[in-house]
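Reading the structure
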Amino acid sequence: MLDTLGNLKRTGYCGALRAADADKEVVLMGWVQRRRDLGQLIFIDLRDRAGIAQIVFNKELDPEAHKKAEELRSEYVVAVEGKVVRRQKANPEIATGEVEVIAARVHILNNAKTPPFQVEDEVNAAEETRLRYRYLDLRRRKPHANIELRHKILFEMRKTLDELGFFEIETPMLTRSTPEGARDYLVPSRVHHGQFYALPQSPQIFKQILMISGMDRYFQIVKCFRDEDLRADRQPEFTQLDLEMSFPRQQDIFEVIERVMVRALEVVGVKAERPFRHLDYKEALRRFGSDKPDLRFGMELHDVTEHFEAARATFGFAGNVQAVAAPGAAAWSRRQLDELAEFAKSAGARGVYTAKVTAEGISSGLEKTFGAEGLNKLAAAVGAKAGDLIVAAAAKEQIEHSDTSLGVAGQIRLFLGDKLGLIDRTKWEFAWITGFALFEWSAHEKRWVSAQHPFTGIVEEDLDKLETAPWECRSKGYDLVLNGVELGSGSIRIHRQDIQARMFKALGLDEETARKRFGFFLDALTYGTPPHGGIALGLDRVTMLLAGEKSIREVIAFPKTTAAQDLMADSPSGVDPGQLWELSINVIQPSYSLNCRCGGTVRVWAESISTHGREPYILCPKTKFAVYLPPGLGWYKAEHTDNEGKTETASFVV
Ligand code: ASP
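The present account deals with the structure reproduced in this document.

Conventions and cut-offs
Residues numbered from 1 in each chain as written. Predicted model: local features only at pLDDT ≥ 70, side-chain atom pairs only at ≥ 80, totals over all residues. Heavy atoms only, no water. Pairing = 2+ DSSP bridges. Helix = DSSP H or I, 4+ residues; strand = E, 2+ residues; numbered from the N terminus. Axes fitted to C-alpha atoms, helices over the stretch in contact; angles between N-to-C directions. Salt bridge = Lys/Arg side-chain N within 4 Å of Asp/Glu carboxyl O. 1 Å grid on protein atoms, 1.4 Å probe; cavity = no way out; pocket = protein on both sides within 12 Å on 5 of 7 lines; lining within 4 Å. Points joined across faces, edges and corners; volume = space filled by probe spheres on them. Nonpolar A, V, L, I, M, F, W, Y, C, P; charged D, E, K, R; others polar. Near = heavy atom within 4 Å. Polar contact = N/O pair within 3.5 Å; in protein donor to acceptor, adjacent residues only side chain to side chain. Areas by Shrake-Rupley, 256 points an atom, 1.4 Å probe, with all protein chains shown as cover.

1. Digging into the sheet that holds strand E2 (residues 41-48)
Strand order in the closed barrel formed by five strands is E1-E2-E3-E5-E4, with mixed pairing between adjacent strands. When strand polarity is set aside, the average angle formed by the axes of neighbouring strands in this sheet is 55 degrees. Where strand E3 (residues 51-58) lies against strand E5 (residues 99-110), two bridges are found, and the strand directions are parallel. Residue pairing for E5: isoleucine 55 is matched across the bridge by valine 101.

Written as structure tokens, this is what we have:
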């Protein structure tokens, strides 16, 4: 028989009990974390949001309560009435460790099935199980602390922005496609057959329209939706701190965000310095091999191409060569060097060349080609000292107009920084990255695409190159980086309709398409648009960094897996045929289903248009064997499911 809560009132949190509470009569409520039965005495750890309190049931003192305590199991929900006493021997491991509660009465408010994993600080349950039973996982201390921290950070941001005169304004979730470069999530309209809303990839157009509406300072903590391939730090829905200001200079936006971030860091007791440093995009790439450099350590890159020039033919590499001097790594073992070479390869290096600098001289396989003198010059060029390992690399892949060796060396720098313990984990290094190009060439689409999005402003002096030399146009965009993580980006916008129209054209959108997709926005721009600009920060990432977590899933209450599934709610899921009928939606079944050598299957959705006799095939990701698809396909999507049921959209070639 379960008890009722009745008129019982909790006196406080279990986790809040301290020595000063000794002798008080209390009523505590929570979950049974653990029960230890010593016969005469039963101990339970009672858990609530604030922590754990030890409850003691004494057979001699309170036989009735003791008897009832025998029924208690993990995760039962109980209320305990009793008296706080000092423990004979304090437990320094827990905050309430100086006291315990002698129970006079216990009310069993609810029972619980045996949980699939013990709700404790350290769980070894697979992440899949934790996500499926997220409500149990969230009862643990760390997820609890992360959610609390998230609340505090967001609350502090809201307070700061309110103080700075920003209004929080909601923008629609059911809207139309905005071009942030990802695929949209679509929502079918029941009323307008065959038409769809798009979930916003960001409130970009709406926030700009709010500036046209004279709102002056807008912000919103907002969900954004992008249907992209997921990685550890991506989710199909994620939260941004989105803001926009009218009549701003770039430094005005920077100042607002710096104040917001300094206050957010205060939440975890970190004092960050303002103003944040500025780095030009090209300089960041040249010195750190990344547009989101981790500035918590040095070990900058050196271009040593000229030193390797004579060896180019022997080593057979193309492009430039970058090198770093890794302090202390001259002592690395064969195994460590192999690991480095392996990593460099996976980072896209053509080859990695190393030289050990010691007090006795430089030893390296490069000596045959370089000579002792050449090695000395190389060491001088990278500023290597005794004890350092010179690590040089060229990129395997070359892309026109860009130096791919920088990105490769940038990753090697991070690898070495981590392995050598050079990253000072107590540091919080912010940087504004500016000086981006407005466009980048998409080899895939064979056209210039926005490096950020098409509303990003153009440096005035470059305006006349918009049609003639788009690659030379500089953008008014900026990124905010913290400890090697891109927190967000923004820009001063285009606020003139004529320039916005030219911009769409430069992006290959003809007037008709531009009007169809953004006509309402182009119109709005003609009715007195103030100069404006803004930014959006990824709040999942901000919280992840401040919580010291490695994955954003740890700071989201109900995250999705990398396969974009919610394992707890079991979504996405099929729907009633009636619902589809109402929406006039017909789910296309795969046109073909073929067997694969790996024991799995390939499903193909296709429209029947000829591929001119060429036979398309899909490569099995497991066996790398080709599965030939029936010819005569127009657009098609193929999905490979292996023999373990793992599904991926595989690459295939016509
Ligand atoms: N809307 C942009 C984004 O989500 C940010 C901005 O330009 O404000 O990336």
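2. Considering the pattern of salt bridges
Within the structure shown, the criterion is met by 50 salt bridges. Lysine 419 serves as the salt-bridge partner of glutamate 339, at 3.2 Å between the closest nitrogen and oxygen. Of this pair, glutamate 339 sits in helix H10 (residues 334-346) while lysine 419 sits in helix H12 (residues 404-419), and the two are 80 residues apart along the sequence. Here the salt bridges do not stand alone but share partners, grouping Arg130, Arg134, Asp137, Arg140 and Glu554 into one network.

3. Quick look at empty space enclosed by the protein
Empty space among the atoms becomes apparent when a probe as large as a water molecule is rolled across them. In the structure shown here, the tally under the stated rule is one cavity of 30 Å³ or more. In this structure, the largest cavity encloses a volume near 40 Å³. Lining the largest cavity we find Leu131, Arg134, Phe558, Pro559, Asp566, Leu567 and Met568. Residue composition of the lining of the largest cavity, by class: five nonpolar, no polar and two charged.

4. Observations concerning the layout of surface pockets
Of the volumes computed, that of the second largest pocket is approximately 2000 Å³. Lining the second largest pocket are 35 residues, with Tyr185, Asp227, Ala564, Pro572 and Lys637 sitting closest to its centre. Secondary structure elements with two or more residues in the lining of the second largest pocket: strand E7 (186-188), strand E24 (601-606), strand E27 (636-641) and strand E28 (647-648). Here the residues of the lining of the second largest pocket are counted per class, giving 16 nonpolar, seven polar and 12 charged.

5. What about the site of the ligand?
Around the ligand sit 13 residues in total, of which Gln204, Lys207, Arg226, His453 and Arg493 are the nearest. Within the side chain of glutamine 240, an N or O atom sits 3.1 Å from an oxygen atom of the ligand. The side chain of histidine 453 places a nitrogen or oxygen atom 2.8 Å from an oxygen atom of the ligand. In isolation the ligand exposes 270 Å². Once the protein is present, 94% of that is buried.

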